[in-house]
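Residue strings, one per chain:
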Amino acid sequence: MDSTPTQPFGLLVIGSGPAGVHAAAAYVEAGGPGPVCLVSADPDEPYQRPPLSKAVLGGKEPAEVTPILEDDSAWARIDLRLGTRVEALDTDRRRVRTDDGQELPYDRLILATGSEPTALPGVDPGAQVFTLRTLEHARRLVDVVEDARSVVVVGSGFIGCEAAASIAGRGVRTTLVSPEPAPQAARLGDWVGARIAEWLAAVGVEMRPGVQVEGVEPRGTVRLDDGSFIESDLVLAAVGVTQSRAFLVGSGLLSDHGRLVVDEALRTRDPRVWVAGDVARAHHAVVGRALTVEHWGDAITMGQLAGGNAATQGPGGTGEPGRWSSPPGFWSEIGEHTVKYSAWGDGFDEMRVVEHSKGAFTVWYADAVGEVVGVLTHESDEDYERGGELLARRASLSEALDAAPTGGSS
Ligand SMILES: Cc1cc2nc3c(=O)[nH]c(=O)nc-3n(C[C@H](O)[C@H](O)[C@H](O)COP(=O)(O)OP(=O)(O)OC[C@H]3O[C@@H](n4cnc5c(N)ncnc54)[C@H](O)[C@@H]3O)c2cc1C
């Protein structure tokens, strides 16, 4: 049976995360010609991921779909195909092949295939190690956490820290294992790492910094490279993400370590293909270099841009494309503490800490020539807002510090 539609989709989107969903909705809103189809490997209706490591894992919200779109009227014009994985992309014939044997032809294509968790190396055959990316992962984790007495979380990135705090908040003995001397010290500096470690300790997370996991045994024993062992009922690996790229082999699209290279308008070198979200390595219009971001809000922004551009640009298109120009940023909740971080995300040479009253603080990050490249705040929303403006203007660290005379700095 040939299940190939005879007419190409006006727009085909791959991925039902924030980038893909907002791309499809923006295309519809911009009046792009139909029909519109969104294909996703995830079997669940599109949902928000941020609550999964926070309220859901902490037992404060059920592991259920929290919709991505506030206004869901666009869905009436989108053919949503869930639980369907794209296995091959042929950009010459403008069609994709899915794991249920269909070939879907398109006129315009948006790739928003996001990230998936990196596997923890050294796991013995028969040992179970959980990861957290999807709603289904969260359901499985919550089921096991409810009966667990001892949990080991591996990795001290934001997801590892959030998950460890949420699990410990349930009263479960929780150990956070990481090769870093303090959580996120490499990315955010030792001072911030020490604050996060204090917050984690305050909710009862036991820290094992500076050690690597050497193996996980079938009964849940975690072997560390300092020769010690931790017995656990559950091991959660939060050791980073990778991009699924198998289906891109032979597509001719340019990739850089698994991310798809696009310009400021999120265009690939194929004029009918755009990329948005985690999977993009996109040129940023303000900072003038390619960035990689793994943030919810930026995936929405990029999805909206890609959808709008796919509706108005490409072969026969008119007008100026939308360009990616807002500074990247996100919030993280570690137990009771919220940090807000806005940065280009590709390192810093200097950092200045401004402590405010009652434990609030702002950390400014600058490059070698003294330009602000990031800001991190805790209970200091004004600085977070101002940090975004300073980044957008490529302002200097001295300007950032001049306007904040009240706090001490270190
Ligand atoms: C637990 C958790 C908490 C987080 N909390 C925060 C937070 O507080 N703040 C923040 O800014 N960010 C947070 N993030 C990161 C944020 O969720 C991601 O940056 C964001 O989801 C990226 O969106 P995306 O649309 O690019 O990709 P994704 O959300 O990863 O979606 C990709 C989609 O593509 C589909 N797909 C992949 N390959 C294929 C294929 N071959 N065929 C068909 N479909 C495919 C997937 O099934 C999925 O639907 C969190 C992430 C997790 C996992």
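Here, the structure is the one placed above.
Calculation notes
- Residues numbered from 1 in each chain as written.
- Predicted model: local features only at pLDDT ≥ 70, side-chain atom pairs only at ≥ 80, totals over all residues.
- Heavy atoms only, no water.
- Phe/Tyr/Trp six-rings, centres within 6.5 Å; stacked < 30°, edge-to-face > 60°.
- Helix = DSSP H or I, 4+ residues; strand = E, 2+ residues; numbered from the N terminus.
- Buried < 20%, exposed > 50% of the residue type's maximum accessible area, 1.4 Å probe, protein only.
- Lys, Arg positive; Asp, Glu negative; His and termini not counted.
- Salt bridge = Lys/Arg side-chain N within 4 Å of Asp/Glu carboxyl O.
- Core = buried A, V, L, I, M, F, W, Y, C linked by side-chain atoms within 4.5 Å.
- Near = heavy atom within 4 Å.
- Polar contact = N/O pair within 3.5 Å; in protein donor to acceptor, adjacent residues only side chain to side chain.
- Areas by Shrake-Rupley, 256 points an atom, 1.4 Å probe, with all protein chains shown as cover.

Overview of the packing of aromatic side chains
Here the structure, examined in full by the defined rule, presents six aromatic pairs. Between W199 and F361, the aromatic rings sit 6.2 Å apart at their centres with planes inclined by 20°, giving stacked as the arrangement. Of this pair, W199 sits in helix α5 (residues 190–202) while F361 sits in strand β24 (residues 361–366), and the two are 162 residues apart along the sequence. For W199, a relative accessible area of 10% gives the class buried. On the accessibility criterion, F361 (3% relative accessible area) is buried. Ring geometry for F330 versus Y341: centroids 5.9 Å apart, planes at 80°, classification edge-to-face. Remark: Y341 occurs in strand β22 (residues 337–343) and F330 occurs in strand β21 (residues 329–334); sequence separation between them is eleven residues. The two residues F330 and Y341 agree in class, both being buried. Chaining the aromatic ring pairs together yields one cluster made of F158, F330, Y341, F348 and Y365.

Quick look at the side chain of E180
Note on placement: E180 falls in the loop between β9 (173–178) and α4 (185–188). Nearest to the buried, unbridged E180 among oppositely charged side chains is R187, at 8.7 Å.

Comments concerning the nonpolar core
Counting residues in each nonpolar core, the largest one holds 107 residues, and the members touching the most others are L12, L89, L111, L236, W364, Y365 and L376. The next biggest cluster of nonpolar side chains, apart from the first, holds 13 residues, and it includes A127, L224, I230 and A237.

A few points about the site of the ligand
What surrounds the ligand is a group of 33 residues, the closest being R49, K54, V86, R133 and W296. The backbone of D42 places a nitrogen or oxygen atom 3.3 Å from an oxygen atom of the ligand. In this structure, H295 approaches the ligand through a main-chain N or O atom, which is 3.2 Å from an oxygen atom. For the ligand, whose accessible area on its own is 1000 Å², the fraction buried by protein is 93%.

Quick notes on unusual backbone geometry
At the junction of G34 and P35, the peptide bond is cis and its omega measures out at -10° in the coordinates. Structurally, the position occupied by P35 is in the loop between α1 (18–29) and β2 (36–39). For Q184, which is not glycine, the phi dihedral falls at a positive 60°. You can see Q184 is positioned in the loop between β9 and α4.

Remember that the coordinates give geometry; whether it matters functionally is a separate question.
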